[in-house]
Amino acid sequence: MSPAHETVVPLRVKVPVASTQGTLALELLPRHDPPARRPLERGMSDVASVVPIDARRRRSAQAWAHRFAQAAVEIVGGDRPASQLLRWTTGAVYADLDRRAVLVARAGGHVPGQRRVQPVRPRVLSVHTCFVSDDVVEAAVHVRYGERSRAVAARFEARGERWLCTALDFA
């Protein structure tokens, strides 16, 4: 038999795709129906609650969250002493900041907060705040370290005339 007369067998065989596949049972077809409504808990209204906040207070909280986050990432990086945020944090947040600064300093072979040790200073690019209530603000922070980005989440509670950081999480 000459090479011109050989029959070509396709390498791939078309297989029909089922709507659910694999051991994870992933549904591959799009959903067109709206999501099912969950039953409301007792005392909850059907409308999402919106906390009306004065624009000046909102801007003030946003600016505070920005300054706080900048100081916090500089503390963790070793550029500032943790004691600079002692008045504006709870004991747990302060201890976590101090612990992080010590760990970074130990890894870099320096003393935390004594002098500039990072080749690039971390910079807060954006802060998005959300008022949970009139005196509680949560912030999502985008931090840039040279070419890398990190996220920081913070919760601030009003104590008198100042904001106190009650939770701080680095990602």
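In this text, all values refer to a predicted model and were calculated from it rather than measured experimentally. (Residues numbered from 1 in each chain as written. Predicted model: local features only at pLDDT ≥ 70, side-chain atom pairs only at ≥ 80, totals over all residues. Heavy atoms only, no water.)

## A short note on the layout of surface pockets
- For the largest pocket, the calculated volume is near 230 Å³.
- Along its surface, the largest pocket is lined by 13 residues, and Arg57, Ser60, Glu161, Arg162 and Trp163 are the ones closest to its centre.
- For the lining of the largest pocket, the secondary structure elements donating two or more residues are α1 (55–77) and β6 (162–170).
- When the residues that make up the lining of the largest pocket are grouped by side-chain class, the tally is five nonpolar, two polar and six charged. (1 Å grid on protein atoms, 1.4 Å probe; cavity = no way out; pocket = protein on both sides within 12 Å on 5 of 7 lines; lining within 4 Å. Points joined across faces, edges and corners; volume = space filled by probe spheres on them. Helix = DSSP H or I, 4+ residues; strand = E, 2+ residues; numbered from the N terminus. Nonpolar A, V, L, I, M, F, W, Y, C, P; charged D, E, K, R; others polar.)

## Observations concerning the side chain of glutamine 70
- The topology assignment puts glutamine 70 in helix α1.
- With near-sequence residues (within four places) excluded, glutamine 70 lies in contact with Pro122, Arg123 and Val124. (Contact = heavy atoms within 4.5 Å.)

## Brief notes about the packing of aromatic side chains
- Summed over the entire model, instances satisfying the criterion amount to four aromatic pairs.
- Ring plane angle 55° and centroid distance 5.9 Å describe the contact between tryptophan 64 and tryptophan 88, whose orientation is recorded as tilted. Taken together, the positions of tryptophan 64 in helix α1 and tryptophan 88 in the loop between α1 and α2 (91–108) put the pair 24 residues apart, joining distant regions of the chain.
- Among the residues examined, tryptophan 88 registers a relative accessible area of 23% and is labelled partly exposed.
- Judged by centre distance (6.3 Å) and plane angle (70°), the rings of phenylalanine 131 and tryptophan 163 are edge-to-face. Residue phenylalanine 131 is located in strand β3 (residues 123–133), and its partner tryptophan 163 is located in strand β6; the two are separated by 32 residues in the primary sequence. In terms of burial, phenylalanine 131 and tryptophan 163 fall into one category: buried.
- Through a chain of ring-to-ring contacts, the aromatic side chains of Trp64, Phe68, Trp88 and Phe156 assemble into a single cluster. (Phe/Tyr/Trp six-rings, centres within 6.5 Å; stacked < 30°, edge-to-face > 60°. Buried < 20%, exposed > 50% of the residue type's maximum accessible area, 1.4 Å probe, protein only.)

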